[in-house]
Amino acid sequence: MALEAEMRRKILVSVVAVGFFISLIVGVGVTYNNSGLGGTGGLILVGTIALFVLAMGVIGIFLNR
């Protein structure tokens, strides 16, 4: 079963976005790990999750056109 070029592009963009999200989470964990995540690290982690949700929404709209 062959994938169309459009579907391959959607898969590639999604995989890159998820990889970027994972790297952001690891970066927050490494940067703000002072015997626990702490208040600032927690807020930044919530911000990265919100950024990921918004980015995936924008990517979805962009790829749908």
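Refer to the structure above for everything that follows.
No experiment lies behind these values; they were computed from the predicted model shown.

Q: Help me understand the overall build of the chain, please; the structure alone is not making it clear to me.
A: For the chain, the count of helices and strands is two helices and zero strands. Against the 2.2 N^0.38 benchmark of 11 Å for 65 residues, the chain shows a C-alpha radius of gyration of 15 Å, more extended than a compact globule. Overall, the chain is about 50 × 20 × 15 Å in size when its C-alpha atoms are taken along their principal axes. Out of the 65 residues belonging to the chain, those deemed buried represent 9%. Summing over all exposed atoms, the chain offers an accessible surface of approximately 5000 Å²; the carbon and sulfur share of this is 74%.

Q: Honestly, helix α2 (residues 38–64) in this entry has me stumped. Any pointers?
A: The α-helix winds at 3.6 residues per turn, so residues separated by three or four positions along the chain end up facing the same way. Counted at 1.5 Å a residue, the expected span for α2 with its 27 residues is 39 Å, and the 39 Å between its end C-alpha atoms agrees. Every buried residue belonging to α2 is among Gly41, Thr48 and Leu63, and all of these are buried. Tucked inside the fold, the buried residues of α2 contact α1 (5–31).

Q: Would you mind going over the environment of Gly27 with me for this structure?
A: You can see Gly27 is positioned in helix α1. Taking C-alpha positions, Gly27 is 31 Å from Asn64, a pair spaced 37 residues apart along the chain.

Q: Please explain the packing of aromatic side chains as it appears in this structure.
A: The way to describe two aromatic rings as a pair is by their centre distance and the angle between their planes. Within this structure, the stated rule accounts for one aromatic pair. Seen from their ring centres, Phe21 and Phe52 are 4.2 Å apart, and the 25° between their planes marks the pair as stacked. Taken together, the residues Phe21 in helix α1 and Phe52 in helix α2 connect sequence positions 31 residues apart. The exposure class of Phe52 is partly exposed, given its relative accessible area of 21%.

Q: What is the right way to look at a nonpolar patch on the surface in this model?
A: A surface patch of nonpolar side chains, amounting to about 350 Å² of accessible area, comprises Leu3, Met7, Ile11 and Val15. The class for Val15 is exposed, based on a relative accessible area of 55%.

Q: Looking at this structure, I do not really get the pattern of salt bridges. What am I missing?
A: Proximity of charged atoms lets side chains of opposite charge pair with each other. On inspection of all chains with the given rule, the structure shows one salt bridge. Between Glu6 and Arg9 there is a salt bridge whose closest N-O contact spans 2.7 Å. Taken together, the positions of Glu6 and Arg9, both in helix α1 and three residues apart, correspond to about one turn of that helix. By relative accessible area, which is 32% here, Glu6 ends up partly exposed.

The rules behind the values
- Residues numbered from 1 in each chain as written.
- Predicted model: local features only at pLDDT ≥ 70, side-chain atom pairs only at ≥ 80, totals over all residues.
- Heavy atoms only, no water.
- Helix = DSSP H or I, 4+ residues; strand = E, 2+ residues; numbered from the N terminus.
- Rg over C-alpha atoms; globule rule 2.2 N^0.38 Å.
- Buried < 20%, exposed > 50% of the residue type's maximum accessible area, 1.4 Å probe, protein only.
- Areas by Shrake-Rupley, 256 points an atom, 1.4 Å probe, with all protein chains shown as cover.
- Expected span 1.5 Å × (residues − 1).
- Contact = heavy atoms within 4.5 Å.
- Phe/Tyr/Trp six-rings, centres within 6.5 Å; stacked < 30°, edge-to-face > 60°.
- Patch = residues over 30% accessible without salt bridge, like charges linked within 9 Å, V, L, I, M, F, W, Y side chains within 5 Å.
- Salt bridge = Lys/Arg side-chain N within 4 Å of Asp/Glu carboxyl O.

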